[in-house]
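Here is what each chain is made of, one letter per residue.
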Amino acid sequence: MRSKIVAGNWKMNKTYGETKKFVNELKDAVKGLKLKNTRMIIAPPFTNLQKASKKTKDTRIEVAAQNMHQAESGAYTGEISASMIKSVHVKTVILGHSERREYFGETNELLAQKVDTALKNDLEIIFCFGEVLEDRKDENHFKVVEEQIRKALFHLTSDQWKKIILAYEPVWAIGTGETASPEQAQEMHAFIRELVAERYISDVSENVSILYGGSVKPANAKEIFSQEDVDGGLIGGAALNAEDFTALIKAI
Ligand code: PGA
């Protein structure tokens, strides 16, 4: 059975002190929650990963990194490697976020390399993709999403897909307050699952969690999360506040 997942992508937010405060609040808020088959993941900036990872040890809260470099090590000033992430006991990394694609020029081809490096290092991947507004207006959204998934992930074996979580994030809905309707999300998620089913054995398509991201907040989460092929959310803005993040976990 595929997991339900609520993941908070903090982006470039929260200092060390703010991270400690958030984790303390979240630990208190989720104490006693019955989380059947549900995972909670927070993705703080690199400088706070170790602290978050230490503070959540022996809890159900998991920690993810927001990015990593495709090389194992070397002369890449300012970059962080998969083994560095692993060394602070973090087991998951977000790859392919639209902000990485847009502001840092990450292409599908580069992301395929990052995916390989992450898997080689035994990291789980939350792989993000999604169309821009123009693609949707031109009715190219299915084509764009298909290409993003094919180019970065379809060289993997069925077994490697056990380490993949998909996150559909229509770019026009990220940080804009505009969410895809539950029907739009379901339509795309069903399309993605079908795409994976055509390429792999049904085990893979049935077991892969597909998260929705883009202006999810406590007020709209329940409706989106209740769609058949939506297995949770990757949340930006609303994940920065422990109370809202807890409400999202409860919504699932
Ligand atoms: P948002 O961001 O929830 O603030 O729209 C989502 C994301 O970028 O992952």
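This text goes with the structure placed above it.
Scope of this entry: the structure provided in the associated data block. (Residues numbered from 1 in each chain as written. Predicted model: local features only at pLDDT ≥ 70, side-chain atom pairs only at ≥ 80, totals over all residues. Heavy atoms only, no water.)

Counting buried positions over the 5 residues of strand β3 (residues 61-65) gives 4, a clear majority of the element. Pairing analysis gives 3 bridges linking strand β2 (residues 38-43) to β3, with the strands arranged parallel. By the bridge assignment, I42 is partnered in β3 with V63. Pairing geometry for β3 and strand β4 (residues 92-95), over 2 bridges, is parallel. Counted as the bridge partner of A65 is V93 from β4. Assessed by its sense of winding, the connection that carries the chain from β3 through helix α3 (residues 82-87) to β4 is right-handed. (Buried < 20%, exposed > 50% of the residue type's maximum accessible area, 1.4 Å probe, protein only. Helix = DSSP H or I, 4+ residues; strand = E, 2+ residues; numbered from the N terminus. Pairing = 2+ DSSP bridges. Right-handed = clockwise from strand over helix to strand, strands pointing away.)

Sheet architecture is closed into a barrel: 8 strands sit in the order β1-β2-β3-β4-β5-β6-β7-β8, paired in parallel fashion. Strand-to-strand twist of the sheet, defined as the mean angle between neighbouring strand axes without regard to direction, takes the value 30 degrees. Note: strand β5 (residues 124-129) against strand β6 (residues 164-168), 5 bridges, orientation parallel. Residue pairing across strands places F129 opposite Y168, the latter belonging to β6. Sitting on the sheet, helix α8 (residues 182-199) is in contact with β5, β6 and β7 (210-213), with an inclination near 145 degrees to β7. Sheet strands in contact with helix α11 (residues 242-251) are β1 (4-9), β2 and β8 (232-235), and its direction is about 160 degrees off that of β1. (Axes fitted to C-alpha atoms, helices over the stretch in contact; angles between N-to-C directions. Contact = heavy atoms within 4.5 Å.)

On inspection of all chains with the given rule, the structure shows 19 salt bridges. For K21, the salt bridge is made with E25, and the minimal N-O distance between the two is 3.1 Å. A residue pair is termed a helical-turn pair when its members lie 3 or 4 positions apart in one helix, as K21 and E25 do in helix α1 (residues 16-30) at 4 residues. What makes K21 exposed here is its relative accessible area of 52%. (Salt bridge = Lys/Arg side-chain N within 4 Å of Asp/Glu carboxyl O.)

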